[in-house]
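# Coordinate inspection notes
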Amino acid sequence: MLNEVTEPGETGRDSLGSAPSTHRSPDKVNADYKFGRLLGEGAYAVVRLAYKKSEGKNYAAKIYDKAKLFDEHRRNSVCREVMLMQKLKHESVVEFSEAFETDHHVYLIMEYVSGKSLHDYLKRQRASPSNKTEFDQTLSETESKRIVKQLLQCLHYLHDQGITHRDIKLENILLDQKNNIKIIDFGFSTRYKPQKKLKLFCGTPSYMAPEIVSRIEYLGPPADIWATGVLLFCLLNGFFPFKGQTDAELYRKINRGSFKLIRSDLSDDCLTVLKEMFNVNPESRLSAAELLQENWFLSDSSKKRSISEIRREFKAKILKKFPVRPVNKNTFCITAP
Ligand SMILES: Nc1ncnc2c1ncn2[C@@H]1O[C@H](COP(=O)(O)OP(=O)(O)OP(=O)(O)O)[C@@H](O)[C@H]1O
Ligand SMILES: [Mg+2]
């Protein structure tokens, strides 16, 4: 299956060149790896800890059951996931190691990320019966900004490579030991050509952009930005911005794009970023690169400081250590102690 060396696009097939033979016997797989505890489970795959004996190192193995991949669409997306992961190299993308298949399974071996997903991070305390929100805790504005900035930097990289993730959500962002993010699960990801719209209706309902729920053709990157807005909202508030008893109700609210915050302590710069991400018009929704230029993301050190600010700082921090004699408005003479 992995030897089908094309990356099936949604419209046409992009050749990716030839892939090495990837078939292995189950005995060879078990000789190479010792499989450990379950790290996660989805509809088509399980993820297990995999100890590579030759390296003495732990990896994560995403193991697809071929029996569940009966429809062509699914098989294509597994091929695409492997092909895309092979190409990606970024500190915030989980690192690909190798992929192979047996008669019954496809194995995607990748870097093992030992921390929790953002979803588990927000759920880490036991929910109290009085807790009416989806998550048990929220993050500070500063911590949310740090995480979302890393996510946008990574999306900027992906979009620059012509790749859209299409399933940005709390469960698909893991935290490493230093609490830095790693994006996983490229199962819905695809390559796109600039301005060529996509058709596949996919993603996770609460994170879907208006253009997706309206089932019109859409561009991938703006939809990733909308999903990032949902994620940021959840980090700050502990619940989803758009909710409905039915999908139809949820989609109506997404299309309206209006959201309510319960926190009143958020800065104006933060609110501006949320509003830009929840722009219902994908054509004018800011890109990852543009959002990173918003005030909220510019650290104090990268903000342009005014001359008077620099002068004030100079006087306060340095001159106060020495006896100084003003010569004129801009010149001081430091008197030797
Ligand atoms: N590299 C990894 N290191 C540690 N844990 C991982 C890693 N990759 C995945 N996991 C765990 O496994 C879970 C499921 O992984 P993933 O999101 O790739 O599969 P999935 O959601 O089942 O995929 P799909 O949506 O394609 O069915 C993750 O939420 C995470 O908890
Ligand atoms: Mg997932």
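Residues numbered from 1 in each chain as written. Chains lettered and ligands numbered in written order. Predicted model: local features only at pLDDT ≥ 70, side-chain atom pairs only at ≥ 80, totals over all residues.

### Observations concerning the site of ligand 1
Around ligand 1 sit 21 residues in total, of which G40, G42, A60, D185 and G187 are the nearest. Elements with a contribution of two residues or more to the shell around ligand 1: β3 (33-41), β4 (45-52), β5 (57-65) and β7 (105-111). Counted by class, the shell around ligand 1 contains 12 nonpolar, 5 polar and 4 charged residues. Taken together, domain 1 (13-111) and domain 2 (118-300) each give at least three residues to the shell around ligand 1, which thus spans both. (Near = placed C-beta within 6 Å. Helix = DSSP H or I, 4+ residues; strand = E, 2+ residues; numbered from the N terminus. Nonpolar A, V, L, I, M, F, W, Y, C, P; charged D, E, K, R; others polar. Domains from an automatic or database assignment.)

### What about the environment of R285?
Secondary-structure assignment places R285 in the loop between α8 (268-277) and α9 (288-291). For R285, a count of 23 C-beta atoms within 10 Å translates into the label buried. Sequence separation between R285 and P221 is 64 residues; the distance between their C-alpha atoms is 9.8 Å. Setting aside residues no more than four positions away along its own chain, R285 makes contact with P222, I225, W226 and N279. (Buried ≥ 20, exposed ≤ 12 C-beta atoms within 10 Å, placed from the backbone. Contact = placed C-beta atoms within 7 Å.)

### Thoughts on the nonpolar core
Among the nonpolar cores identified, the biggest contains 71 residues, and L151, W226, V230, L231 and C234 are the most heavily contacted of them. Considering every element that reaches this core, the biggest residue donor is helix α6 (residues 220-237), with 11 residues. Among the domains, domain 1 (13-111) and domain 2 (118-300) are the pair contributing at least three residues each to this core. Other than its neighbours up to four places away in sequence, L151 contacts I173, I181 and T228. (Core = buried A, V, L, I, M, F, W, Y, C linked by C-beta atoms within 7 Å.)

### Things to note about the pairing of β3
Relative to β4, β3 is paired through 6 bridges, and the arrangement is antiparallel. What sits directly across from F35, in β4, is A50. A loop of 3 residues connects β3 with β4, the two strands running antiparallel in sequence. (Pairing = 2+ DSSP bridges.)

### Here's the deal with the environment of C79
Mapped onto the fold, C79 is located in helix α2 (residues 72-87). Each C-alpha atom, one on C79 and one on V106, is 9.6 Å from the other, the two residues being 27 residues apart in sequence.

### What about α8?
Every buried residue of α8 is listed here: C270, V273 and M277. Each buried residue of α8 sits inside an arc of 60° when the element is viewed along its axis, so together they form one side. For α8, the exposed residues set more than 90 degrees away from the buried face come down to D268, L271 and K275. Looking at the buried residues of α8, the elements they touch are α4 (141-160), α6 and α9. (Arc of directions from axis to C-beta.)

### Digging into unusual backbone geometry
The backbone of Q195 shows a phi angle near 65°, a positive value even though the residue is not glycine. Its location among the elements puts Q195 in the loop between β11 (190-191) and α5 (210-213). A tally of 6 C-beta atoms within 10 Å means that Q195 is categorised as exposed. A positive phi is found at R215, a non-glycine position, where the angle reads about 55°.

### Some remarks on the environment of R80
Summarising the element assignment, R80 is placed in helix α2. Sequence separation of R80 and T190 is 110 residues, and the distance between their C-alpha atoms is 7.1 Å.

### Focus: the confidence of the model for the chain
The predicted model of the chain averages 86 in pLDDT, with 80% of residues at 70 or higher. Confidence drops under a pLDDT of 50 for residues 11-19, and excluding neighbours within four residues, the segment shows 16 contacts in the predicted structure. (pLDDT = per-residue confidence, 0-100.)

### Thoughts on the sheet that holds β4
Within the open sheet, the 5 strands sit side by side as β3-β4-β5-β7-β6. Their pairing is antiparallel. Either end of the sheet is taken by a strand with one partner, and the two such strands are β3 and β6 (96-101). This sheet shows a mean twist of 25° between the axes of neighbouring strands, independent of strand direction. Where β4 meets β5, 8 bridges bridge the pair, whose relative direction is antiparallel. In the strand pairing of β5, K52 is matched with K57. (Axes fitted to C-alpha atoms, helices over the stretch in contact; angles between N-to-C directions.)

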